[in-house]
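# Results of the structural survey
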Amino acid sequence: ILAEFGPSGAEIWPHAEKLGIPLIVHFHGHDAHRSETVDPLREKYRGMFRAAFRIVSVSRYMTDALVALGCDPAKIVTNPYGPRDLFFEVKPDYRPTILALGRFTDIKANYLTLMAFKEVLDSYPEAKLVMVGDGELLESCKTLALAWGIADNVTFTGAIPHDEILSLFGQACCFVQHSVIPSYGDAEGTPVVILEAQAAGLPVVATRHAGITDAVVHGETGFLVAERDVDGMAKALLQ
């Protein structure tokens, strides 16, 4: 049995054990980090860790979190995601456009990306930022862009179909993501979009956050800055 996400494994492990069927539980992010998800399930997680054949983690950061929750390290397989092959076929034109793609939500801190881009425009007024996605922080980010007078340089596409996304990777000079750990303890796994951007030949500017540090080689395939270091992100984007 393959259970996607920890809570699914936490519910099904007694049945798998009773039936004698090996159980593999695949963790993805919030199910290993977000306190409001993890805390009520700690006891069930301990039973699941004992009964499971294997536990799949998507980053070294997550592996450490699962061990801290009580999982035997010998049962953990660290297996990051991978981009689809078609991303390797992208040939970016490296125009002065920065691409950001992801949900507008606390963990992505999209407003900090905007704040860094505002600083970029002070030195490079021709720069553009394309922000793809939807979520509860989208309207706030649109308002900030207007309030800061940078709306003409920022495009908010909203959510768009997957088959329309690929072309955007070919129309940018880099990819940006400012992931943070919010007060309630959530964290990324290994963001697939960062792997896709690198497969497409785009350097990545991001934070030292969870599995991102496994994926981006600082100074070689992109630049990593501390969470909430807006000035550092702006300098990396300019570079």
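Not measured: the values here are computed from a predicted model.

## Some words on the sheet that holds strand S6 (residues 128-132)
- With parallel pairing, six strands are arranged side by side in an open sheet as S7-S6-S5-S8-S9-S10. Looking along the sheet, the strands with just one partner apiece sit at the ends: strand S7 (154-158) and strand S10 (222-225). Strand-to-strand twist across the sheet, computed as the mean angle between neighbouring axes with direction ignored, equals 20°.
- In terms of strand pairing, strand S9 (residues 204-207) meets S10 through four bridges, oriented parallel. When the sheet's bridge partners are listed, valine 205 is paired in S10 with phenylalanine 223.

## Here's the deal with the environment of glycine 211
- Within the element layout of this structure, glycine 211 appears in the loop between S9 and helix H10 (212-215).
- The exposure class of glycine 211 is buried, given its relative accessible area of 0%.
- C-alpha separation for the pair glycine 211 and threonine 190, spaced 21 residues apart in sequence, amounts to 4.3 Å.
- Apart from residues no more than four positions distant in its own chain, glycine 211 is found in contact with Ser59, Tyr61, Gly189 and Thr190.

## Digging into helix H11 (residues 230-238)
- Buried within H11 are the following residues: Val230, Gly232, Met233, Ala234, Ala236 and Leu237.
- In this structure, the buried side of H11 is in contact with strand S5 (97-101), helix H6 (110-123), strand S8 (174-177), S9 and S10.
- The N-capping residue of H11, defined by a side-chain oxygen 2.8 Å from the backbone nitrogen of glycine 232, is aspartate 229.

## Thoughts on the nonpolar core
- Membership of the largest hydrophobic core comes to 29 residues, with the highest contact counts inside it found for Phe117, Leu129, Val176 and Leu237.
- Residue assignment for this core shows that the elements contributing at least two residues are S5, H6, S6, helix H7 (138-147), S8 and H11.
- Here this core gets six residues from one element, more than from any other, and that element is H6.
- When near neighbours in sequence (up to four residues on either side) are disregarded, leucine 129 contacts Ile98, Ala100, Thr113, Leu114, Phe117, Asn153, Val154, Thr155 and Val176.
- In terms of nonpolar packing, the next biggest core, distinct from the first, is built from 24 residues, Phe87, Val130, Phe169 and Leu195 among them.

## Focus on the sheet that holds strand S3 (residues 54-57)
- Spatial strand order, S1-S2-S3-S4: four strands in an open sheet with parallel pairing. One side of each edge strand has no neighbouring strand; the edge strands of this open sheet are strand S1 (2-4) and strand S4 (76-78). Pairwise comparison of adjacent strand axes, ignoring direction, gives a mean angle of 20° for this sheet.

## Some words on the packing of aromatic side chains
- Counting across every chain of the model gives six aromatic pairs.
- A ring pair is formed by phenylalanine 27 and tyrosine 45, whose centres lie 5.5 Å apart and whose planes are at 85°; its orientation type is edge-to-face. Of this pair, phenylalanine 27 sits in the loop between strand S2 (24-26) and helix H2 (30-33) while tyrosine 45 sits in helix H4 (residues 42-51), placing them 18 residues apart in sequence. For the residue pair phenylalanine 27 and tyrosine 45, the accessibility class agrees, reading buried in each case.
- Here phenylalanine 169 and phenylalanine 175 contribute two aromatic rings whose centre-to-centre distance is 6.4 Å and whose plane-to-plane angle is 5°, an arrangement assigned as stacked.

## Details of the environment of glycine 201
- Mapping glycine 201 onto the fold places it in the loop between helix H9 (192-199) and S9.
- Sequence spacing of glycine 201 and threonine 221 is 20 residues, and the spatial spacing of their C-alpha atoms is 8.9 Å.
- In this structure glycine 201 touches Pro92 and Tyr94, once residues within four positions along its chain are discounted.

## Considerations on the side chain of lysine 75
- Tracing the sequence through the fold places lysine 75 in the loop between helix H5 (60-68) and S4.
- Despite its burial, lysine 75 pairs with no opposite charge, the nearest such side chain being aspartate 72 at 6.1 Å.
- In this structure the side chain of lysine 75 is engaged in a polar contact, spanning 2.9 Å, whose partner is the backbone oxygen of alanine 52.
- Setting aside residues no more than four positions away along its own chain, lysine 75 makes contact with Phe49, Arg50, Ala51, Ala52, Phe53, Arg54 and Ile55.

So, how was this worked out
- Residues numbered from 1 in each chain as written.
- Predicted model: local features only at pLDDT ≥ 70, side-chain atom pairs only at ≥ 80, totals over all residues.
- Heavy atoms only, no water.
- Pairing = 2+ DSSP bridges.
- Helix = DSSP H or I, 4+ residues; strand = E, 2+ residues; numbered from the N terminus.
- Axes fitted to C-alpha atoms, helices over the stretch in contact; angles between N-to-C directions.
- Buried < 20%, exposed > 50% of the residue type's maximum accessible area, 1.4 Å probe, protein only.
- Contact = heavy atoms within 4.5 Å.
- Polar contact = N/O pair within 3.5 Å; in protein donor to acceptor, adjacent residues only side chain to side chain.
- Core = buried A, V, L, I, M, F, W, Y, C linked by side-chain atoms within 4.5 Å.
- Phe/Tyr/Trp six-rings, centres within 6.5 Å; stacked < 30°, edge-to-face > 60°.
- Lys, Arg positive; Asp, Glu negative; His and termini not counted.
- Salt bridge = Lys/Arg side-chain N within 4 Å of Asp/Glu carboxyl O.

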